[in-house]
Amino acid sequence: MSYSVVFSKQALKKLENINEPYYSNIKTAISNLTTNPRPQGCKKLKGRDGYRIRIGNYRVIYDVFDHELIVDVIALGHRKDVY
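Residues numbered from 1 in each chain as written. Predicted model: local features only at pLDDT ≥ 70, side-chain atom pairs only at ≥ 80, totals over all residues. Heavy atoms only, no water.

Within the structure shown, the criterion is met by 1 salt bridge. Its salt-bridge partner being D66, residue R38 comes within 2.9 Å of it at the nearest N-O pair. Taken together, the residues R38 in the loop between helix 2 (22-32) and strand 2 (43-44) and D66 in the loop between strand 4 (58-65) and strand 5 (70-78) connect sequence positions 28 residues apart. D66 sits in the partly exposed class, given a relative accessible area of 36%. (Salt bridge = Lys/Arg side-chain N within 4 Å of Asp/Glu carboxyl O. Helix = DSSP H or I, 4+ residues; strand = E, 2+ residues; numbered from the N terminus. Buried < 20%, exposed > 50% of the residue type's maximum accessible area, 1.4 Å probe, protein only.)

Here it is, written out as structure tokens:
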């Protein structure tokens, strides 16, 4: 059972502007969401829908649609900017 990952335009634009080595780490973490959309360390957000995972100083905000097997990446960025 493999999920597919969908990016919002805003999240994709932010991902393109992130430098190495953070870019590779974030990309790997997002690709791992296809096999396990709720990995150890993810947190359900309060006040808005979705989950978040931490990759160093960066955060990925995403929502999981289990009935359609989709992980929708809503936002990502540095921890001071993403919330």
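The subject of this paragraph is the environment of K13. Of note, K13 is situated in helix 1 (residues 9-16). For K13, a relative accessible area of 58% translates into the label exposed. Here the alpha-carbon distance between K13 and A29, two residues 16 residues apart in the chain, equals 17 Å.

Without other data, these values stay purely geometric and don't point to any function.
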